[in-house]
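# What the coordinates show
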Amino acid sequence: MGWIGETVDSIKSIQIRQLLTQAVSLGMIVTSALIIWKALMCITGSESPVVVVLSGSMEPGFKREIVVATLQLNICSMKLFLGDILFLHMSKDPIRAGEIVVFNIDGREIPIVHRVIKVHERQDTGEVDVLTKGDNNYGDDRLLYAEGQLWLQRHHIMGRAVGFLPYVGWVTIIMTEKPIIKYILIGALGLLVITSKD
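Residues numbered from 1 in each chain as written. Predicted model: local features only at pLDDT ≥ 70, side-chain atom pairs only at ≥ 80, totals over all residues. Heavy atoms only, no water.

As recorded in an unreviewed UniProt entry, the protein goes by the name Signal peptidase complex catalytic subunit SEC11, listed as coming from Salix suchowensis. Heading Catalytic activity (unreviewed entry) of the UniProt record for the protein holds this comment: "Cleavage of hydrophobic, N-terminal signal or leader sequences from secreted and periplasmic proteins." (UniProt positions renumbered as here; feature names shortened; annotations may be inferred.)

Here it is, written out as structure tokens:
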């Protein structure tokens, strides 16, 4: 009969108690993932400790070789590409030119990953404002900012890049662009949890 027939027979033979046990197990997996995410938010001080680079605005003029995993500590020389996953941290240290930051713009829902090119300290309050630019863009980001806004303030910054994994974010990009793949994957995982014998 094959794998499909065995799966159908397995689903038919599931008892209510076993079904409840599997549902609780699935709920615990989802809850554990949420707890880990919240813990990362507390540890890193960032509302989104992990982000995916969604555009080519940070690509330099050359392409790099594929690397399995890289944790880059010299943030000023970090080169980012579409599909890279960034790890963020938000500390109280002042933001410096050359750092890569992730920021939100008022009225936009998707955060932007760009490099800080200028830092401006206000004499009256001592607060630091920053100007950003994509490495692959010709001009600064003032055209992206809200109307009349010339600088980003601290509350716009979600976090600073402290490391990255190249190309791993392509899974997220593919599932966002092709939702059917996401639903098939979720359905297959759910079916696997329900039909497992443990």
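### Examining unusual backbone geometry
In this structure, tyrosine 167 is a non-glycine residue whose phi angle is positive, near 70°. Relative to the helices and strands, tyrosine 167 is located in the loop between β6 (157-165) and α3 (170-177). Note on tyrosine 167: relative accessible area 27%, which makes it partly exposed. (Helix = DSSP H or I, 4+ residues; strand = E, 2+ residues; numbered from the N terminus. Buried < 20%, exposed > 50% of the residue type's maximum accessible area, 1.4 Å probe, protein only.)

### What to know about the side chain of aspartate 84
Note that aspartate 84 resides in the loop between β1 (50-52) and β2 (85-89). Separated by 3.0 Å, the side chain of aspartate 84 and the backbone nitrogen of tyrosine 167 make a polar contact. (Polar contact = N/O pair within 3.5 Å; in protein donor to acceptor, adjacent residues only side chain to side chain.)

### Here we look at helix α4 (residues 179-195)
Between its first and last C-alpha, α4 extends 24 Å over 17 residues, near the 24 Å set by a 1.5 Å rise per residue. Restricting attention to buried positions, one finds in α4 the residues Gly190, Val193 and Thr195. (Expected span 1.5 Å × (residues − 1).)

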